[in-house]
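Structure at a glance
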Amino acid sequence: MPVRAAGAESGRGIPKSPSETMEELEHTCPQPRLTLTAPAPFADETSCQCQAPHEKLTIAQARLGTPVDRPVRVYADGIFDLFHAGHARALMQAKTLFPNSYLLVGVCSDDLTHKFKGFTVMNETERYEALRHCRYVDEVIRDAPWTLTPEFLEKHKIDFVAHDDIPYSSAGSDDVYKHIKEAGMFVPTQRTEGISTSDIITRIVRDYDVYARRNLQRGYTAKELNVSFINEKKYRFQNQVDKMKEKVKNVEEKSKEFVYKVEEKSHDLIQKWEEKSREFIGNFLELFGPDGAWHPMAQGAPCLQRAWLTDPARAQLERRGVLRQKQMFQERSGRMLQAFSPRQSPNSSPTRGRSPSRSPSPPWVINKTSPPSSPKAASASLSSMSEGDEDEK
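Residues numbered from 1 in each chain as written. Predicted model: local features only at pLDDT ≥ 70, side-chain atom pairs only at ≥ 80, totals over all residues. Heavy atoms only, no water.

Within the protein chain one finds 15 helices and five strands. Scored against the burial criterion, the 393 residues of the protein chain give a buried share of 28%. When the accessible surface of the protein chain is totalled, it reaches about 27,500 Å², and 55% of it is carbon and sulfur. (Helix = DSSP H or I, 4+ residues; strand = E, 2+ residues; numbered from the N terminus. Buried < 20%, exposed > 50% of the residue type's maximum accessible area, 1.4 Å probe, protein only. Areas by Shrake-Rupley, 256 points an atom, 1.4 Å probe, with all protein chains shown as cover.)

Attention now moves to the pairing of strand E1 (residues 72-78). Among the seven residues in E1, seven count as buried, and that is most of the element. Alternating residues of E1 divide into Val72, Val74, Ala76 and Gly78 and Arg73, Tyr75 and Asp77, and every residue in both groups is buried. In this sheet, strand E2 (residues 101-107) lies alongside E1 in parallel orientation, the contact comprising seven bridges. By the bridge assignment, valine 72 is partnered in E2 with serine 101. Taken together, E1, helix H3 (residues 85-95) and E2 constitute a β-α-β crossover, and its handedness is right-handed. Taken together, the two bridges between E1 and strand E4 (residues 160-164) define a ladder with parallel strand orientation. Its bridge partner being in E4, tyrosine 75 is matched across the sheet by valine 161. (Pairing = 2+ DSSP bridges. Right-handed = clockwise from strand over helix to strand, strands pointing away.)

Right, let's talk about the packing of aromatic side chains for a bit. Within the structure shown, the criterion is met by six aromatic pairs. A ring pair is formed by phenylalanine 80 and phenylalanine 83, whose centres lie 6.4 Å apart and whose planes are at 45 degrees; its orientation type is tilted. With a centroid separation of 5.2 Å and an interplanar angle of 25 degrees, the aromatic rings of phenylalanine 116 and tryptophan 146 are classed as stacked. Of this pair, phenylalanine 116 sits in helix H4 (residues 110-116) while tryptophan 146 sits in the loop between strand E3 (139-142) and helix H6 (150-155), and the two are 30 residues apart along the sequence. Assessed through its relative accessible area of 11%, tryptophan 146 is described here as buried. (Phe/Tyr/Trp six-rings, centres within 6.5 Å; stacked < 30°, edge-to-face > 60°.)

A few words now on the sheet that holds E1. Sheet architecture is open: five strands sit in the order E3-E2-E1-E4-E5, paired in parallel fashion. With partners counted over all chains shown, the strands left at the sheet margins are E3 and strand E5 (186-189), one partner each. Strand-to-strand, the axes of this sheet are offset by a mean angle of 30 degrees, without reference to chain direction. Contacts between H3 and the sheet are confined to E1, E2, E4 and E5, with E2 contributing the most and set at about 145 degrees to the helix. Most of the contacts of helix H5 (residues 124-132) go to E2, to which it runs at about 165 degrees, and overall it touches E2 and E3. (Axes fitted to C-alpha atoms, helices over the stretch in contact; angles between N-to-C directions. Contact = heavy atoms within 4.5 Å.)

Let's shift gears to the nonpolar core. Formed by 23 residues in total, the largest nonpolar core has its most connected members in Val74, Leu91, Phe98, Val105, Leu131 and Val137. Setting aside residues no more than four positions away along its own chain, valine 74 makes contact with Ala94, Leu97, Phe98, Ser101, Tyr102, Leu103, Leu104, Phe160 and Ala162. The next biggest cluster of nonpolar side chains, apart from the first, holds 16 residues, and it includes Ala43, Ile158, Val161 and Ile180. (Core = buried A, V, L, I, M, F, W, Y, C linked by side-chain atoms within 4.5 Å.)

It is worth spelling out unusual backbone geometry at this point. Both trends apply: most residues other than glycine have a negative phi, and most peptide bonds are in trans. With phi around 50 degrees, leucine 82 is a residue other than glycine that occupies positive phi space. Relative to the assigned elements, leucine 82 resides in the loop between E1 and H3. Although it is not a glycine, lysine 157 adopts a positive phi angle of roughly 50 degrees. Position of lysine 157 relative to the elements: it lies in the loop between H6 and E4.

Next up on the list: helix H9 (residues 208-217). Among the residues of H9, Ala212, Arg213, Asn215 and Leu216 are the ones counted as buried. The buried residues of H9 occupy an angular sector of 165 degrees when the element is viewed end-on, so they sit on one face. (Arc of directions from axis to C-beta.)

Once that is clear, we can look at the layout of surface pockets. Which parts of space are left empty comes out when a probe the size of a water molecule is rolled across the atoms. Taken as a whole, the second largest pocket holds about 890 Å³ of empty space. Surrounding the second largest pocket, 37 residues form its lining, Ile79, His87, Lys117, His163 and Arg191 being those nearest its centre. At the level of secondary structure, the elements contributing two or more residues to the lining of the second largest pocket comprise E1, H3, E4 and helix H8 (197-206). Sort the elements by how many residues they give to the lining of the second largest pocket and H3 lands first, with five residues. The residue makeup of the lining of the second largest pocket, split by class, is 18 nonpolar, 14 polar and five charged. (1 Å grid on protein atoms, 1.4 Å probe; cavity = no way out; pocket = protein on both sides within 12 Å on 5 of 7 lines; lining within 4 Å. Points joined across faces, edges and corners; volume = space filled by probe spheres on them. Nonpolar A, V, L, I, M, F, W, Y, C, P; charged D, E, K, R; others polar.)

On to the environment of proline 71, then. Assignment of secondary structure puts proline 71 in the loop between helix H2 (59-63) and E1. In this structure proline 71 comes out as buried when scored by relative accessible area, which is 0%. For the pair proline 71 and asparagine 100, spaced 29 residues apart in sequence, the C-alpha separation works out to 5.2 Å. Apart from the residues within four sequence positions on either side, proline 71 is in contact with Pro30, Gln31, Pro32, Asn100, Ser101, Tyr102 and Asp159.

What is shown is where atoms sit, not what they do.
Next comes the structure, spelled out in structure tokens:
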């Protein structure tokens, strides 16, 4: 914004004319980061060298987006040890307080932190770098003061200070931000419940044995972990026990899986065996019948009769083959019936004392007679055989 230089006078001490006294002074404050391809710079690398005066802004004016020629410079400070999501969320709130904000983050040094708060897990260099790689941070101020002074606020052209509204008592003061609040430069942010640096350290201390065993297993020495010889042996023994438990658990899971697969396969095998057995029994009953007679050849006799009537030469050849097959099946069925029938003692045998020549022939035995001389005779013999079978039934 063009402004008039204060006390602009000529070399002779006579005020200049209006056209000569107007000097163009523009704000040269750094602008917020637009890309995230590089970490945020440190304040001593890109300090605000703007010579134009910074008008004091109210929170209402800043929320309207004024002034248009420079960003609103917001300051947030802290220790930021073990940088976590609660820190990032607080910085996000500070960054989004106003439409056009430039966020400066002050990080206290190790000496100052150890003096007023206590020891840290991360050193100051690690804490500086953690802040530089946060996307909401535009500039990092190293070795920030514990209590903000007017000189510090003027040096960095700070418009507002962002922090949670809980009174922060330290360094002999009930609230180190009290004078900032009275000046109307304080903007409160919300804390993230359930996470803090103290909570994380408490978890580590509470489960110290677990993390000590973890690091021993990962290759750290007992000296690096500040663990005694006895505790080292104890932790290593516990690690071995845990490994054995894990192996036993894996074996149990694999055994259960194997048993399940065997049960599935056995069920399938039993089911297939039942199907095959039913099929075998059905085929056996269909072939021999419940009375032990052989049915398919008797059913094929009419076909053979029709074949004899149409082709006498072929019928004669087929008849010979059929007779051979029938004789073979008769012998096999006789042996099977003899095997299935109960054995009788010689004293109770009904055929004892009878001559073999007088024993009645079974119905399936064919009289060995000469083949018929003509097709008509063959058909007549087959008809008589069929009638005889029907009479016996």
